[in-house]
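# An overview of the molecular structure
One-letter residues, chain by chain:
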Amino acid sequence: GAKWTYDGPQGQDHWSQHYPYCGGALQSPIDLKSDLLRFDPTLRPIEVQNYNLSPNEQLTLGNNGHSVQLSLSPTMSISSLRNRYTAAQLHFHWGSPSRPAGSEHTVNSKQYAAELHVVHYNSDKYPNISTAVDKSDGLAVLGVLVEVGMFNPAFDHILKFINRIIYRDQKVKVPAFNIRALLPTRLDEYYRYDGSLTTPPCYPSVLWTVFRNPITVSRQQFLTLAATLYSSNAQDSASMSLSNNYRKTQPVDNRLVLASFKE
Ligand SMILES: NS(=O)(=O)c1cc(-c2ccccc2)cc(-c2ccccc2)c1
Ligand SMILES: [Zn+2]
């Protein structure tokens, strides 16, 4: 589709001109405000299957100009939802080297340094992700807030290859690793709401699960993520840094935002 950016003339305030859903209802991300939350005791712990991939398996790490994304094995899934959701890819959103605040979801207006999204599609109902992406029960995304703190060994399985994909459309095969290690320890504490893709075409097709507890990466790891990639391709004369690739929080309107835990 038409190229879109996070800032400038094709920036997020203009997305709806080419992508009408971006100006519609059920948009993501949102601010997860305590006084909005409703505790729901029926929300079960998230159960993932086969996230512990073998290093003999290879995944594709790529720079799509808007984020760094890692393809995932179709043996991976979420098994605790009404339907089975099969993993497709994971990617990140982050701030900039000078401003480590680039998460998409915020908690009581606090913006974290970055956010990890693990994208799954409803494989009980749809044959592949392309048919699922615009269906109201099509996608389930696990959101993980990222803050700067302790070094994260799992995150380094991605970072050590990032200088191979500095330009848009560059890809590299990397050994798989335990993707579960990128999630927080507790999968029983999370926020849950109906939302959308946070990038164009902004389809309102995502069952969002944002874990309460952030993961940490070291300051050096954050700087590597935020300062290495370009959104421009190798041929472009003017290189554009890939940073601040987060959408601003959207109106909650009359949506229910559930929490699996009591504050
Ligand atoms: N942020 S997100 O989770 O809502 C998201 C989901 C998917 C997505 C991916 C596969 C199938 C279906 C949806 C793609 C992106 C994306 C990010 C950067 C550039 C382009 C697209 C972002
Ligand atoms: Zn995302």
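Residues numbered from 1 in each chain as written. Chains lettered and ligands numbered in written order. Predicted model: local features only at pLDDT ≥ 70, side-chain atom pairs only at ≥ 80, totals over all residues. Heavy atoms only, no water.

L70, L90, W94 and I179 are the most contacted members of the largest nonpolar core, which totals 51 residues. No other element matches strand 7 (residues 85-94), which puts 5 residues into this core. Y112, L139, W208 and V210 belong to the second-largest nonpolar core, a separate cluster that totals 22 residues. (Core = buried A, V, L, I, M, F, W, Y, C linked by side-chain atoms within 4.5 Å. Buried < 20%, exposed > 50% of the residue type's maximum accessible area, 1.4 Å probe, protein only. Helix = DSSP H or I, 4+ residues; strand = E, 2+ residues; numbered from the N terminus.)

Once the charged atoms of two side chains with opposite charge are near each other, the side chains can pair. Evaluation of the coordinates by the stated rule reveals 7 salt bridges. Here K248 makes a salt bridge to D13, at a shortest N to O gap of 3.2 Å. Note that K248 is positioned in the loop between helix 4 (219-228) and strand 16 (257-259) and D13 in the segment before helix 1 (15-18), a separation of 235 residues in sequence. Of the charged contacts in the structure, one is a salt bridge between R44 and E47, with a shortest N-O distance of 3.4 Å. One network of salt bridges, in which partners are shared, links R186, D188, E189 and R212. (Salt bridge = Lys/Arg side-chain N within 4 Å of Asp/Glu carboxyl O.)

Before going further, it helps to examine the coordination of the zinc ion (ligand 2). A four-donor tetrahedral metal ideally has 109.5 degree angles, and a six-donor octahedral metal ideally has angles of 90 or 180 degrees. For the zinc ion (ligand 2), the full set of protein donor atoms is H91 (NE2), H93 (NE2) and H117 (ND1), at a range of 2.0 Å. Coordination at the zinc ion (ligand 2) is tetrahedral: its 4 donor atoms span angles of 99 to 117° at the metal. Written as a sequence motif, the donor residues of the zinc ion (ligand 2) are H-x1-H-x23-H. (Donors = N, O, S within 2.8 Å, 3.2 Å for Na, K, Ca; no water. Tetrahedral: all angles 85-135°; square planar, octahedral: opposite > 155°, others 65-115°.)

As defined by bridge partners, strand 4 (residues 58-63) adjoins strand 12 (residues 171-175) across 5 bridges and the pair is classed as antiparallel. For L59, the partnering residue across the bridge sits in strand 12 and is V174. The pairing of strand 4 with strand 5 (residues 68-71) spans 3 bridges and is classified as antiparallel. Residue pairing across strands places G62 opposite Q69, the latter belonging to strand 5. Taking the residues that link successive antiparallel strands as the turn, the strand 4-strand 5 hairpin has 4 residues, and the phi of G65 there is positive, at about 90°. (Pairing = 2+ DSSP bridges.)

Another point: the site of ligand 1. Lining the immediate surroundings of ligand 1 are 15 residues, of which Q89, H91, I129, L197 and T198 lie closest. Between ligand 1 and H117, the relevant distance is 3.3 Å, taken from a nitrogen atom to a side-chain nitrogen or oxygen of the residue. T198 is positioned with one of its side-chain polar atoms (N or O) 2.7 Å from a nitrogen atom of ligand 1. Within the residue set of the shell around ligand 1, elements represented by two or more residues are strand 7, strand 10 (114-122) and strand 11 (139-148). At 3 residues, strand 7 tops the list of elements feeding residues into the shell around ligand 1. Class assignment for the residues of the shell around ligand 1 results in 7 nonpolar, 8 polar and no charged. (Near = heavy atom within 4 Å. Polar contact = N/O pair within 3.5 Å; in protein donor to acceptor, adjacent residues only side chain to side chain. Nonpolar A, V, L, I, M, F, W, Y, C, P; charged D, E, K, R; others polar.)

Here we take up the side chain of H120. Considering the arrangement of structural elements, one finds H120 in strand 10. One polar contact links H120 to Y51, side chain to side chain, over a distance of 2.7 Å. The residues touching H120, leaving out its near neighbours within four places in the chain, are Y51, S77, I78, Y85, T86, A87, A88, G138, L139, A140 and L142. (Contact = heavy atoms within 4.5 Å.)

Within the secondary structure, R186 sits in the loop between strand 12 and strand 13 (190-195). Look at R186 and you get partly exposed, because its relative accessible area is 41%. Considering only alpha carbons, one finds R186 and P214, 28 residues apart in sequence, at a separation of 10.0 Å. Side-chain polar atoms of R186 contact the side chain of D188, separated by 2.8 Å.

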